[in-house]
Amino acid sequence: MVENGPGGVWGSMPVRVVACSVLLGAVTVTALLPLCDLLFGCGCTWPSSGGIEHCNIFEAGLRHCPWCIYPRTADLSLASMLFAQTLGAWAVARRRGGLLASLACGTLCGAAVAVVARSAVAWWADYPL
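To start, this report covers the structure provided alongside it.

Rules used in this analysis
Residues numbered from 1 in each chain as written. Predicted model: local features only at pLDDT ≥ 70, side-chain atom pairs only at ≥ 80, totals over all residues. Heavy atoms only, no water. Helix = DSSP H or I, 4+ residues; strand = E, 2+ residues; numbered from the N terminus. Rg over C-alpha atoms; globule rule 2.2 N^0.38 Å. Buried < 20%, exposed > 50% of the residue type's maximum accessible area, 1.4 Å probe, protein only. Contact = heavy atoms within 4.5 Å. Lys, Arg positive; Asp, Glu negative; His and termini not counted. Charge placed at Lys NZ, Arg CZ, Asp CG, Glu CD. Salt bridge = Lys/Arg side-chain N within 4 Å of Asp/Glu carboxyl O. Axes fitted to C-alpha atoms, helices over the stretch in contact; angles between N-to-C directions. Parallel < 35°, antiparallel > 145°, perpendicular 65-115°, else oblique. Left-handed = near helix turned anticlockwise from the far one by under 90°. Core = buried A, V, L, I, M, F, W, Y, C linked by side-chain atoms within 4.5 Å.

### Overview of the overall build of the chain
Right, on to step 1. From N to C terminus, the chain includes 5 helices and 0 strands.
Right, on to step 2. Beginning at the N terminus, the succession of helices and strands in the chain can be written as α-α-α-α-α.
Right, on to step 3. Here the C-alpha radius of gyration of the chain, 18 Å, is well above what a compact globule of 129 residues would show, namely 14 Å.
Right, on to step 4. If you line up the chain on its principal axes, its C-alpha atoms span 60 × 30 × 20 Å.
Right, on to step 5. In the chain, which comprises 129 residues, the share counted as buried stands at 38%.
Right, on to step 6. Contacts in the chain between residues far apart in sequence, at least 24 positions, make up 55% of those at least 6 positions apart.
Right, on to step 7. Averaging the locations of the 7 positively and 6 negatively charged side chains of the chain gives two centres separated by 18 Å.

### Here's the deal with the pattern of salt bridges
Right, on to step 1. The tally for this structure, following the rule as stated, stands at 2 salt bridges.
Right, on to step 2. One salt bridge in this structure joins D75 and R72, with 2.5 Å as the shortest N-O distance. With D75 and R72 both in helix α4 (residues 71-93) and 3 residues apart, the pair spans about one turn of that helix.
Right, on to step 3. Given a relative accessible area of 39%, D75 falls into the partly exposed group.

### Focus on the packing of helix α1 (residues 13-30) against α4
Right, on to step 1. For the pair α1 and α4, interaxial distance at closest approach is 9 Å and the crossing angle is 150 degrees. On the basis of the axis angle, α1 is roughly antiparallel to α4. Judged by the sense of rotation from one axis to the other, the crossing of α1 with α4 is right-handed. In this structure, α1 contributes M13, R16, V17, C20, S21, L24, G25, T28 and V29 to the contact, and α4 contributes L78, L82, Q85, T86, A89, W90 and A93.

### Quick notes on the environment of R16
Right, on to step 1. Within the element layout of this structure, R16 appears in helix α1.
Right, on to step 2. Taking C-alpha positions, R16 is 9.2 Å from G97, a pair spaced 81 residues apart along the chain.

### Notes on unusual backbone geometry
Right, on to step 1. Positioned with a positive phi, D126 is a non-glycine residue whose angle comes to about 55 degrees.
Right, on to step 2. Its place among the elements puts D126 in the segment after α5 (99-125).

### Digging into the nonpolar core
Right, on to step 1. Grouped together as the largest cluster of nonpolar side chains are 17 residues, with contacts concentrated most on C36, F40, C42, C65 and W67.
Right, on to step 2. Mapped onto this core, the elements with two or more residues apiece are α2 (32-40), α4 and α5.
Right, on to step 3. Excluding residues within four positions of it along the chain, W67 makes contact with L32, L35, C36, L39, F40, T73, A74, S77, M81 and V121.

Have a look at this one:
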């Protein structure tokens, strides 16, 4: 294995940031439908368990999930979460934080932005919080 400074290949700040961003992004995109349900209580679930089949957009008389009824709000929220995850991982990595610290910070930043995005989208779509 080629050593890259005192910490090996993981000692490189760009490598840590890219690794964290790819890992956190993959988890976030994979879990987007359950995250939709967590944030909006709409009924979305893992694709293998039905995906959006149980979403409240199919229920007459209920307020409809803003991410499902307005997909661009989901796109903007996802982009904001991915950016926050990368920024959080970068902030720790640039201070020579380890891989786990960068992952933790990226996770917390992404979660914070998810809560803010949920509030903004719910307000915009007049969806009950």
